[in-house]
Amino acid sequence: MIYLRKANLTDLSKIMKIIAEAKVFLGKSGSDQWQGIYPAREDVVDDLAKNQAYVLDVDGEVAAYSAVITGEEPNYTKITNGSWTNDNLDYVTVHRICFSDQFRGQELTKYLFSNIFTLMNAQGYRDFRVDTHEMNRIMQHVFEREGFEQRGIVQIDGERIAYQKEL
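Now for a look at the structure at hand. Model, not experiment: these values are computed from the prediction.

The subject of this paragraph is helix α2 (residues 41–49). Inspection of α2 places Val44, Asp47 and Leu48 among the buried residues, and these make up the whole buried set. For α2, the angular spread of the buried residues around the axis is 100°, confining them to a single face. Exposed residues lying more than 90 degrees from the buried face of α2 are Glu42 and Ala49. On the buried face of α2, the contacting elements are α1 (12–28), β2 (53–58), β3 (61–71) and β4 (91–99). Backbone geometry just downstream of α2 places asparagine 51 in the positive-phi region, at approximately 65°.

Put into structure tokens, the structure is as follows:
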């Protein structure tokens, strides 16, 4: 069974292992994204405290982690080389998307996003935004496959390609 659930403190060590694996994976792919401290344990603890930490559970195993954040993302306020499709300030941002090495390559991002869209749409959200490093071709492909459109460039620890999807 595959489903999205809120993360809890008992998931923290597994989440940090997944983030460490993702950092190595990104580094090997030639990206400098996540090659420093971020995302740190404190970021995940903050996500848990704010009730925005989620894991994708696959047969009882934590396969992926992401933060699902509602409201305005301050880093998305200024966008260059494009624009958002609307001036909405109450949207869903998905950050810190990462998969365990054990589950990478199984196209589980389809489940991750399908669950996020369903969950947040039930709460009235129809506007979804994400970003990634220009060297992270895998996430660019995932975002485009999931119906996100490139909207421009935002600044988050350097330039990031910004994407948006409206349901």
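The grouping of Asp32, Glu134, Asp157 and Glu159 at the surface amounts to a negative patch. As for its placement among the helices and strands, glutamate 159 is situated in strand β7 (residues 159–166).

To continue, consider the sheet that holds β7. The sheet built from 7 strands is open, its strands ordered β1-β2-β3-β4-β5-β7-β6 with mixed pairing. Of all strands in the sheet, those with a lone pairing partner are β1 (2–6) and β6 (149–155), marking the two edges. When strand polarity is set aside, the average angle formed by the axes of neighbouring strands in this sheet is 30°. By the bridge criterion, 6 bridges tie β2 to β3 in an arrangement that is antiparallel. Bridge pairing in β3 links alanine 53 to alanine 67. Across the sheet, helix α4 (residues 137–145) is in contact with β4, β5 (127–132), β6 and β7; its angle to β5 comes to roughly 165°.

Bringing the packing of α1 against α2 into the picture now. Here α1 crosses α2 at 135°, and the two axes come no closer than 10 Å. As far as their axial angle goes, α2 and α1 are oblique. With respect to the hand of their crossing, α1 and α2 are arranged in right-handed fashion. When α1 is examined against α2, the residues Leu12, Ile15, Met16 and Ile19 are found in contact with a partner set consisting of Arg41, Val44, Val45 and Leu48. In terms of residue class, the contact of α1 with α2 is built from 7 nonpolar, no polar and 1 charged.

About the thresholds
Residues numbered from 1 in each chain as written. Predicted model: local features only at pLDDT ≥ 70, side-chain atom pairs only at ≥ 80, totals over all residues. Heavy atoms only, no water. Buried < 20%, exposed > 50% of the residue type's maximum accessible area, 1.4 Å probe, protein only. Helix = DSSP H or I, 4+ residues; strand = E, 2+ residues; numbered from the N terminus. Arc of directions from axis to C-beta. Contact = heavy atoms within 4.5 Å. Patch = residues over 30% accessible without salt bridge, like charges linked within 9 Å, V, L, I, M, F, W, Y side chains within 5 Å. Areas by Shrake-Rupley, 256 points an atom, 1.4 Å probe, with all protein chains shown as cover. Salt bridge = Lys/Arg side-chain N within 4 Å of Asp/Glu carboxyl O. Lys, Arg positive; Asp, Glu negative; His and termini not counted. Charge placed at Lys NZ, Arg CZ, Asp CG, Glu CD. Pairing = 2+ DSSP bridges. Axes fitted to C-alpha atoms, helices over the stretch in contact; angles between N-to-C directions. Parallel < 35°, antiparallel > 145°, perpendicular 65-115°, else oblique. Left-handed = near helix turned anticlockwise from the far one by under 90°. Nonpolar A, V, L, I, M, F, W, Y, C, P; charged D, E, K, R; others polar.

Note that every value here comes from positions in space, so none of it alone points to a role or purpose.
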